[in-house]
Amino acid sequence: MTSPAPLLQTVAEPPAAPLAAAKPSLAGRTRAGIAAALGEIGVPLKEQRMRTGQIWNWVYHHGVRDFAEIRNVGKDLKSALEERFTLDRPQVTAAQVSQDGTRKWLLRMPSTGPRDKGAEIECVYIPETDRGTLCVSSQVGCTLTCTFCHTGTQRLVRNLTSEEIVLQLMAARDQLGDFPGRERPTDGFLPADGSRFVSNIVFMGMGEPLYNLDAVADAIDTLADGDGLSLGRRRITVSTSGVVPDIAPLGARTNAMLAISLHAVRDDLRNELVPLNRKYPIAALLDACRSYPGLSNARRITFEYVMLKGVNDTDADARELVRLLKGIPAKINLIPFNPWPGTRYSCSDWDRIERFSDIVFRAGYASPVRTPRGRDILAACGQLKSETEKLGARARMLLDEADAAMAGQSGQTVAH
Ligand code: SAH
Ligand code: SF4
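Report on the accompanying structure. The shown structure was predicted, so the numbers you read here are calculated from the model rather than taken from an experiment. Within each chain, residues carry numbers counting from 1 in the order of the written sequence. Written order decides the labels, with chains lettered from A and ligands numbered from 1. The model is predicted, so local features are restricted to residues of pLDDT at least 70 and side-chain atom pairs to those at 80 or more, both for listing and for counting; the totals for chains, interfaces and linings are taken over all residues. In computing side-chain properties, one takes all heavy atoms of the structure into account and sets aside hydrogens as well as water.

This brings us to the overall build of the chain. Only DSSP runs of H or I covering at least 4 residues are called helices, and only runs of E covering at least 2 are called strands; the numbering of each starts at the N terminus. Assigned secondary structure in the chain consists of eleven helices and eleven strands. Whether two residues are in contact is decided by their heavy atoms, any of which lying within 4.5 Å being enough. A separation of at least 24 residues holds for 68% of the contacts in the chain among residues at least 6 apart in sequence. Reported accessibility uses the Shrake-Rupley method at a 1.4 Å probe radius. Residues are deemed covered only where the shown protein chains occlude them. Approximately 19100 Å² of the chain is accessible, and the part contributed by carbon and sulfur atoms is 52%.

Here you go:
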């Protein structure tokens with residue numbers, strides 16, 4: 001890495017003719033964003049705060065999808081809002097439920113302007129008995145190139161807006177009937193504890209959240225707002241590959257839980273697996289962890305460690321991991337590697353993972369091995385969208401074939 005600021009491109013090619021300008025959605029916006037919308041339709045400044053609070057509660061607590069459903073706001077204001085804005089959600093273009101209850105949705109975001117078709121991302125929901133975790137993305141693709149990660153192989157990258165991040169939760173709550181009074185799905189396993197189906201958020205989908213910190217911080221403010229979506233900040237975890245200078249600002253701005261994708265205990269190996277390590281080596285990364293705001297035994301840092309066969313999975317690696325983390329309130333998450341077509345790695349054998357986990361456990365760490373979830377629908381966090389990409393490649397191949405056929409035909413026409 002030569003620069004921490006990634007070069008961002010706009011997603012995909014722009015459509016040949018600009019799409020009709022859609023009305024923007026207020027769903028996903030911050031309070032300031034909603035107040036600005038009210039200003040645009042002529043609501044006086046002194047009224048904006050109160051009106052924002054009313055709309056906020058209906059949009060985020062009740063999950064209304066239509067301005068008409070808002071009860072404590074006058075008709076005139078509702079029709080003025082209706083004329084200029086929507087409460088549109090991402091379009092769910094595909095949905096799958098795994099045998100184990102894991103759900104995967106392919107979401108097409110509302111267009112952000114005349115030339116934007118709307119970003120397409122995947123979102124994965126993982127239910128457990130006492131919680132439901134939504135794995136969200138912070139970027140389309142990723143500019144980093146961790147060698148075991150499929151997202152890192154994608155060429156097109158752009159930051160998601162804070163609205164697009166929040167909309168992933170709103171879409172999930174729509175799909176799960178997880179707003180008051182909504183019908184809940186009857187298929188598939190769901191948490192039974194009676195609270196909300198989505199109780200936790202992990203930023204472990206596509207992208208490096210700390211390369212999009214402004215949007216991530218705004219999104220967390222909206223997700224954690226007690227009058228709305230109401231997720232506790234301790235139930236929001238941001239995972240980073242180790243963008244050292246942005247770790248303290250993340251804590252100060254969001255108070256979110258931190259997860260570090262460590263994956264190796266020596267710089268030479270981590271340089272290879274997580275190339276960002278050349279810029280921010282392990283010692284600097286762990287220093288940043290030691291001073292993470294709010295760190296305590298009740299607020300531990302999660303260290304993620306992907307188990308790669310014959311690469312990082314020896315007993316000596318496990319012992320070194322324990323030594324490195326000494327003094328840092330930590331949890332260790334061992335992640336079985338999730339293979340993807342064309343990868344050079346494979347997952348460590350199960351007894352190797354158990355040995356590794358044993359050493360970590362005996363050193364005093366609970367070391368849950370993250371059970372592979374939703375394997376039948378290719379849904380693991382950290383490997384989102386791979387199936388779609390394959391579809392994309394197939395579609396591209398068909399398009400190329402069609403182009404070639406067209407070129408052949410026109411060639412014939414000219415020859416005749
Ligand atoms: N960019 C951030 C967050 C997204 S990746 C980060 O790197 O932390 C979320 C987690 O999934 C990371 O720990 C990542 O290393 C892991 N991951 C990526 N590809 C994986 C794969 N094929 N199998 C298992 N875990 C993977
Ligand atoms: Fe990006 Fe995280 Fe994948 Fe690395 S592991 S390429 S940082 S998404």
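From this point, the discussion proceeds with the structure in view.
With that settled, the discussion passes to the site of ligand 1. Taken together, 21 residues lie around ligand 1, and Gly207, Ser239, Ser261, His263 and Asn338 are the ones closest in. The term polar contact refers here to a pair of N or O atoms within 3.5 Å; inside protein, the definition further demands a hydrogen-donor-capable atom paired with an acceptor-capable atom, and it admits residues adjacent in sequence only when both atoms are side-chain atoms. Contacts to ligand 1 include Phe148, whose backbone N or O atom sits 3.3 Å from a nitrogen atom. Protein burial of ligand 1: of its 530 Å² of free accessible surface, 96% is covered by the chains. Elements that contribute at least two residues to the shell around ligand 1 include exactly strand 8 (236–240), strand 10 (301–307) and strand 11 (330–336). Note on terminology: near, applied to a residue and a molecule or strand, indicates that one of the residue's heavy atoms is within 4 Å of it.

In contact at an axis separation of 8 Å, helix 4 (residues 162–176) and helix 5 (residues 213–224) are set at 40 degrees when each is read in the N-to-C sense. With respect to each other, helix 4 and helix 5 are oriented oblique. Both helix 4 and helix 5 take part in a crossing whose hand is right-handed. Note on element contacts: helix 5 touches helix 4 through Ala215, Val216, Asp218, Ala219, Thr222 and Leu223, opposite Ser162, Ile165, Val166 and Leu169. Nonpolar residues are Ala, Val, Leu, Ile, Met, Phe, Trp, Tyr, Cys and Pro. Charged residues are Asp, Glu, Lys and Arg, and all others, Gly as well, are polar. Grouping the amino acids of the contact of helix 4 with helix 5 by side-chain chemistry returns seven nonpolar, two polar and one charged. For helices, the axis comes from a line fit to the C-alpha atoms of the stretch in contact; other axes are also lines fit to C-alpha atoms, and the angle between any two N-to-C directions lies between 0 and 180 degrees. In these notes the angle categories are as follows: under 35 degrees is roughly parallel, over 145 is roughly antiparallel, 65 to 115 is roughly perpendicular, and the rest is oblique. Crossing chirality is assigned from the near helix's rotation relative to the far helix, an anticlockwise turn below a right angle marking it left-handed and a clockwise turn marking it right-handed.

We now examine the packing of helix 1 (residues 31–40) against helix 2 (residues 45–62). Taken N-terminus to C-terminus, the directions of helix 1 and helix 2 make an angle of 120 degrees; their axes are 9 Å apart at the nearest point. The angle between the axes of helix 1 and helix 2 places the two elements in the oblique class. Two packed elements cross with a definite hand, and for helix 1 against helix 2 that hand is right-handed. Taking contact as the criterion, the partners of Arg31, Ile34, Ala35, Leu38 and Gly39 in helix 1 are, on helix 2, Gln48, Arg51, Thr52, Gly53, Ile55, Trp56 and Tyr60.

Bringing the sheet that holds strand 1 (residues 91–97) into the picture now. Note on pairing: two strands pair once DSSP finds at least 2 bridges between them. Here nine strands make up an open sheet; going across it, the order is 1-2-3-4-7-8-9-10-11 and the pairing mixed. The sheet is open, and its two edges are formed by strand 1 and strand 11, each paired on a single side. Sheet twist, expressed as the average angle between the axes of neighbouring strands with direction ignored, equals 20 degrees. Looking at chain direction, strand 8 and strand 9 (residues 257–261) are connected through four bridges and run parallel. Looking at strand 9, one finds that Thr240 is bridged to Ile260. In the packing of helix 4 onto the sheet, the strands contacted are strand 1, strand 2 (103–108), strand 3 (120–128), strand 4 (131–135) and strand 7 (200–203), and the crossing angle to strand 2 comes to about 125 degrees. Sitting on the sheet, helix 10 (residues 350–362) touches strand 10 and strand 11, and the angle it makes with strand 11 is about 175 degrees.

Moving on: the pairing of strand 2. Exposure is judged per residue with a 1.4 Å probe applied to protein chains only, and the accessible area is read against the type maximum: over 50% gives exposed, under 20% gives buried, and values in between give partly exposed. Where burial is concerned, most of strand 2 is hidden: five out of the six residues are buried. Pairing between strand 1 and strand 2: six bridges, direction antiparallel. Its bridge partner being in strand 2, Val92 is matched across the sheet by Leu107. Between strand 1 and strand 2, which pair antiparallel in sequence order, lie five residues; one of them, Gly101, sits at a positive phi of approximately 95 degrees. Pairing between strand 2 and strand 3: six bridges, direction antiparallel. In the strand pairing of strand 3, Leu107 is matched with Ile121.

Burial in helix 9 (residues 315–324) covers these residues: Asp315, Asp317, Ala318, Leu321, Val322 and Leu324. Along its buried surface, helix 9 packs onto helix 8 (282–290), strand 10, strand 11 and helix 10.

Moving on to the site of ligand 2. As a matter of local geometry, ligand 2 sits amid Cys142, Leu144, Cys146, Cys149, Gly152, Gly207 and Ser241. Among the residues making up the shell around ligand 2, the classes are represented as four nonpolar, three polar and no charged.

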